[in-house]
Amino acid sequence: MAETHSLQDLQQPAVSSKVFVQRDYSSGTICRFQTKFPSELESRLDKQQFEETIQALNNLYAEAEKLGGKSYLEGCLACLTAYTIFLCMETHYEKVLKKIARYIKDQNEKIYAPRGLLLTDPIERGLRVVEVTIFEDRSIGSGR
Amino acid sequence: MKNCEYQQIDPQALSTPTPTPPPHQGNEPEKKTEPKRPKRKWEVFPGKNRFYCDGRLIVARQSGVLPLTVGLILVTSGLFFIFDCPFLVKHLTSCIPVIGGVLFVFVIITLLQTSFTDPGILPRATPDEAADIEKQIDNTGNTSYRPPPRTKEVLINQQVVKLKYCFTCKMFRPPRTSHCSLCDNCVERFDHHCPWVGNCVGKRNYRFFYTFIVSLSFLTAFIFGCVTTHLALRAQGGKGLVFALQESPGSAVELVICFFSVWSILGLSGFHTYLVASNLTTNEDIKGSWSGKSGEDVTNPYSHKNIFINCCSVLCAPMPPSLIDRRGFLPADESAQTGGTDIELPTLATKSEINVEEKCLDFAVTCSG
């Protein structure tokens, strides 16, 4: 009976609040998020850990949007084919987005879920915010 | 042992009407039992857009004069291939229909891509985000009433840029984003809403639009040149222009269309080439955002100060993804468009949620006690 109850707890934690990490526009319109540590997470998470996660995300987005030889080549080739190659080829940006999704899943499993937090992939919020959902602390009665 | 308290805080009993047993297998039993066809996100999209091919193609609700644009191009090119090409192939070279064909294909493909691609629409803020922003605004400003203009200033490359709050989308617009009133969407790097292509021109489809107008100006100039050559060759030997026009009436139509459109299209191409080289949008140029009209020392903070790099960053940058996820499925319990949580939680009205939390706290107290 107690096991059923704790399973239920783990599967349906109540959302306590949400924190939104906004975009940092100081370098222009490229995708960057602010690394300022939100005060609501102080009790749950290390400041350094959080900053590392956001910085890694920023680096991944910078890689996605990087203007370099490879992206120019892709762009020129696309132009020559009247951009029809976008219909058959996965773009560089999409490949990096998949990498970002894997990274966030990994971070959630290793660091955030054990602390009752959940990172939402920014692409699901239109690359506007990194949403951090804070779950109610259910450390009572769950045998943890 | 703790049977009664467990029963007390059973969330399913509070929220959904389904009297299902406690879940051993996961969250599925909490969902409503009526089998609904899963909806795709485009079906509940709040902007003024139309979708085709199950969300793959997006166009503004007001298609403007897109049919006219397509019609003009098809008619002019059709007449060119029917009336002028046979004569010119015989008298000049067979490269002419080949070049014409390539240009025509380019124009049509890029036009369709400009019209049917998501220009860079920003999805509207979720209710949680909107509430968070409202909270921040109220904290900093006067809490007794809301001051009408809500702006936020950011420093971009040592240049002060004002970000405006969008009341429709409930968020602060990122830099270079503008809300299109015709489409009722915020569009990133908003250039303009083009009635000729029936869509906004923004970050994602600007390169298609630019390629379209450049190739169209080449096509128009090419057809104009060919028609003039054709008529000149026919009128040779003292036969006269009228005779030539009588022999090839289609050319007269082409001549008129091309003559009137070539100037405006060439002008537009030149204008957009200037915009691309200085990394500006039509919107910014018209408003004079970076021209220092107000006497301040303002420069375009987005320009890379190098024409080549500007061109490359606008036209050859990695293609950004569509942010509105048209073909994604709505979570089954979100058909009423509630908050955007990713967790499969039963949709609780706020009242019952507080109810649950109170009972949780009660339970916690009894458990630890």
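Residues numbered from 1 in each chain as written. Chains lettered and ligands numbered in written order. Predicted model: local features only at pLDDT ≥ 70, side-chain atom pairs only at ≥ 80, totals over all residues. Heavy atoms only, no water.

- Under the annotation held in an unreviewed UniProt entry, chain B carries the name Palmitoyltransferase and is attributed to Acanthochromis polyacanthus.
- Under Subcellular location (unreviewed entry), UniProt gives the following word-for-word description of chain B: "Membrane".
- The record held by UniProt for chain B lists under Sequence similarities (unreviewed entry) the comment "Belongs to the DHHC palmitoyltransferase family." (UniProt positions renumbered as here; feature names shortened; annotations may be inferred.)

- Under an unreviewed UniProt entry, the name given to chain A is Golgin subfamily A member 7, and the organism recorded is Acanthochromis polyacanthus.
- One UniProt comment on chain A, placed under Function (unreviewed entry), says "May be involved in protein transport from Golgi to cell surface. The ZDHHC9-GOLGA7 complex is a palmitoyltransferase specific for HRAS and NRAS."
- Listed under Sequence similarities (unreviewed entry) in UniProt, the entry text for chain A is "Belongs to the ERF4 family."

### Description of the sheet that holds strand 2 (residues 117–120) of chain A
Residues and elements named next belong to chain A.
Turning to step 1, where the next piece is worked out: Spatial ordering of the open sheet is given by 1-3-2, a layout of three strands whose pairing is antiparallel. Two strands lie at the open edges of the sheet, namely strand 1 (15–21) and strand 2, each paired on one side alone. With direction set aside, neighbouring strand axes in the sheet form an average angle of 20°.
Turning to step 2, where the next piece is worked out: Judged from the four bridges that link them, strand 2 and strand 3 (residues 130–135) form a sheet pairing that is antiparallel. By the bridge assignment, leucine 118 is partnered in strand 3 with threonine 133. (Pairing = 2+ DSSP bridges. Helix = DSSP H or I, 4+ residues; strand = E, 2+ residues; numbered from the N terminus. Axes fitted to C-alpha atoms, helices over the stretch in contact; angles between N-to-C directions.)

### Looking at the pairing of strand 5 (residues 159–166) of chain B
All names here are of chain B.
Turning to step 1, where the next piece is worked out: Note that strand 4 (residues 151–156) and strand 5 share six bridges and pair antiparallel. By the bridge assignment for strand 5, leucine 155 is matched with valine 160.
Turning to step 2, where the next piece is worked out: In sequence, strand 4 turns back onto strand 5 through a hairpin of two residues, with asparagine 157 there showing a positive phi of about 45°.
Turning to step 3, where the next piece is worked out: Two strands pair when backbone bridges link them, and strand 5 and strand 6 (residues 171–172) are joined in this way by two bridges, in the antiparallel orientation. Residue pairing for strand 6: tyrosine 165 is matched across the bridge by phenylalanine 172.

### Comments concerning the state of the cysteines
All names here are of chain B.
Turning to step 1, where the next piece is worked out: Tallied over the entire structure, the rule returns zero disulfides over all chains.
Turning to step 2, where the next piece is worked out: With no disulfide of its own, cysteine 258 lies 9.7 Å from the sulfur of cysteine 226, the closest cysteine sulfur.
Turning to step 3, where the next piece is worked out: On the basis of relative accessible area, cysteine 258 is assigned to the buried category, the value being 2%. (Disulfide = S-S within 2.5 Å. Buried < 20%, exposed > 50% of the residue type's maximum accessible area, 1.4 Å probe, protein only.)

### Details of the sheet that holds strand 4 of chain B
Turning to step 1, where the next piece is worked out: Strand order in the open sheet formed by three strands is 4-5-6 (chain B), with antiparallel pairing between adjacent strands. Of all strands in the sheet, those with a lone pairing partner are strand 4 and strand 6 of chain B, marking the two edges.

### Notes on the side chain of B:Asn279
Turning to step 1, where the next piece is worked out: Within the fold, B:Asn279 resides in the loop between helix 8 (249–277) and helix 9 (282–287).
Turning to step 2, where the next piece is worked out: Not counting residues within four places of it along the chain, the set of residues in contact with B:Asn279 comprises B:Arg176, B:Arg189, B:Glu284, B:Asn300, B:Tyr302, B:Ser303, B:His304, B:Asn310, B:Ser313 and B:Val314. (Contact = heavy atoms within 4.5 Å.)

### Digging into the UniProt feature "domain: Palmitoyltransferase DHHC" (unreviewed entry) in chain B
Turning to step 1, where the next piece is worked out: On the UniProt side, "domain: Palmitoyltransferase DHHC" (unreviewed entry) is annotated at positions that read residues 162–287 of chain B here.
Turning to step 2, where the next piece is worked out: Structurally, residues 162–287 of chain B comprises 56% helix and 15% strand, and the distance from its first C-alpha atom to its last is 14 Å.

### Description of the nonpolar core
Turning to step 1, where the next piece is worked out: Within the largest apolar cluster, 43 residues are counted, with the highest numbers of intra-cluster contacts made by B:Ile73, B:Phe80, B:Val161, B:Tyr206, B:Phe212 and B:Leu216.
Turning to step 2, where the next piece is worked out: For this core, the element with the most residues is helix 6 (residues 206–234) of chain B, which contributes twelve residues.
Turning to step 3, where the next piece is worked out: The residues touching B:Ile73, leaving out its near neighbours within four places in the chain, are B:Phe104, B:Val107, B:Ile108, B:Leu111, B:Phe212 and B:Leu216.
Turning to step 4, where the next piece is worked out: In this structure, A:Leu57, A:Val130, B:Cys169 and B:Phe172 belong to the second largest nonpolar core, which totals 37 residues. (Core = buried A, V, L, I, M, F, W, Y, C linked by side-chain atoms within 4.5 Å.)

### A word on the environment of B:Cys85
All names here are of chain B.
Turning to step 1, where the next piece is worked out: Turning to its location among the elements, cysteine 85 is positioned in helix 3 (residues 66–91).
Turning to step 2, where the next piece is worked out: Spatially, the C-alpha atoms of cysteine 85 and valine 98 are 9.8 Å apart, while their sequence positions differ by 13 residues.
Turning to step 3, where the next piece is worked out: Apart from the residues lying within four places of it in its own chain, the contact partners of cysteine 85 are Phe80 and Pro97.

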